[in-house]
Amino acid sequence: MVEYSWRGPFANADVNALHAEGFGHRLLDDDWVAQVERYSLGWVTAVEAGELVGFVNVAWDGGVHAFLLDTVVRADQRRTGIGRALVTTAVAGARQSACEWLHVDFDDELRDFYLDGCGFTPTGAGLVQLR
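What you see is a predicted model, and the numbers here were worked out from it, not measured in a lab. (Residues numbered from 1 in each chain as written. Predicted model: local features only at pLDDT ≥ 70, side-chain atom pairs only at ≥ 80, totals over all residues. Heavy atoms only, no water.)

## Side note on the sheet that holds strand E4 (residues 65-73)
In plain terms, the rule: Strands pair, by our definition, only if DSSP identifies at least two bridges between them. Numbered from the N terminus, helices here are DSSP runs of H or I no shorter than four residues, and strands are runs of E no shorter than two. Angles run from 0 to 180 degrees between N-to-C directions of axes, and those axes are lines fitted to C-alpha atoms, restricted for helices to the stretch in contact. In what follows, a contact means two residues having at least one pair of non-hydrogen atoms within 4.5 Å.
As summarised here, the arrangement of the five strands in space is E1-E2-E3-E4-E5, forming an open sheet in which the pairing is mixed. The open sheet has two edge strands, strand E1 (2-6) and strand E5 (101-103), and neither has a second partner. Taking each pair of neighbouring strands and ignoring which way they run, the sheet shows an average axis angle of 20 degrees. Most of the contacts of helix H1 (residues 12-23) go to E4, to which it runs at about 80 degrees, and overall it touches strand E3 (51-60) and E4.

## Things to note about the side chain of Asn 16
What counts here: We call two N or O atoms a polar contact when they sit within 3.5 Å, provided that within protein one can donate a hydrogen and the other can accept it, with sequence-adjacent residues counted only if both atoms are side-chain atoms.
In this structure, Asn 16 sits in helix H1. Of note is the side chain of Asn 16, whose polar atom sits 3.1 Å from the side chain of Trp 32. Apart from residues no more than four positions distant in its own chain, Asn 16 is found in contact with Leu 27, Leu 28, Asp 29, Asp 30 and Trp 32.

## A word on the packing of aromatic side chains
Keep this limit in mind: Any pair of Phe, Tyr and Trp rings, taking the six-membered ring for Trp, is counted once the centres come within 6.5 Å. Such a pair is stacked with planes under 30 degrees apart, edge-to-face with planes over 60 apart, and tilted for the rest. Relative accessible area decides the class of each residue, using a 1.4 Å probe on protein chains only: under 20% of the type maximum gives buried, over 50% gives exposed, and in between gives partly exposed.
For the structure shown, the criterion picks out six aromatic pairs. Between Phe 10 and Phe 55, the ring centres sit 5.3 Å apart and the planes meet at 70 degrees, which makes this aromatic pair edge-to-face. One end of the pair, Phe 10, is in the loop between E1 and H1; the other, Phe 55, is in strand E3, with 45 residues separating them in the sequence. Overall, Phe 10 belongs to the buried group, its relative accessible area being 16%. A centroid spacing of 5.2 Å and a plane angle of 15 degrees characterise the contact between Phe 106 and Tyr 114, whose relative ring orientation is stacked. What links up through ring pairs into an aromatic cluster is the set Phe 10, Trp 32, Trp 43 and Phe 55.

## Digging into the pairing of E3
Buried residues dominate E3, accounting for eight of its ten residues. Looking at chain direction, strand E2 (residues 40-48) and E3 are connected through eight bridges and run antiparallel. For Glu 48, the partnering residue across the bridge sits in E3 and is Glu 51. Here E2 folds back onto E3, and the loop between the two strands holds two residues, one of which, Ala 49, carries a positive phi near 50 degrees. Across six bridges, E3 lies against E4 in antiparallel orientation. Opposite Val 58, over in E4, you have Leu 68 as the bridge partner. In textbook terms, the turn of a hairpin is the stretch between consecutive antiparallel strands, and for E3 and E4 this stretch comprises four residues, one of which, Gly 62, has a positive phi near 85 degrees.

## Details of the environment of Val 2
Inspection of the secondary structure assignment puts Val 2 in strand E1. The spacing of Val 2 and Leu 115 is 113 residues in sequence and 23 Å in space, taken between C-alpha atoms.

## Quick word on the pattern of salt bridges
Opposite charge on two side chains allows them to pair when their charged atoms are near. This is how it is decided: A carboxyl oxygen of Asp or Glu within 4 Å of a side-chain nitrogen of Lys or Arg is what we treat as a salt bridge.
Within this structure, the stated rule accounts for two salt bridges. Among the salt bridges present, the one from Asp 76 reaches Arg 74, with a minimum N-O distance of 2.7 Å.

Here it is in structure tokens:
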């Protein structure tokens with residue numbers, strides 16, 4: 001059974017490992033705890049049998065806009081509903097705050113997941129590559 005927690009505890013090493021696997025980069029030693037506690041409205045953890053199997057960060061502008069970032073599910077747990085439950089829990093957490101909007105951007109292959117599976121509405125957006 002997977003347990004979902006708004007602002008749930010986690011270890012940096014676990015999020016770093018999950019992030020490296022999910023986004024295909026080398027294992028980093030980022031201080032996720034300090035980062036989300038300082039800059040985020042909240043985050044959601046998905047834990048099964050004591051192991052972190054999913055994570056999403058809900059950053060915000062300090063006002064009425066929040067942003068989903070770094071939605072990731074462990075590879076062997078994908079397509080089981082964990083991602084959708086992470087997002088649903090994040091939406092509920094953001095809704096309880098003073099935020100009025102929750103934004104997400106995503107690659108084309110995730111369009112059905114976010115729009116059909118999680119209830120987001122498509123919008124026009126822009127992007128500038130900085131590096």
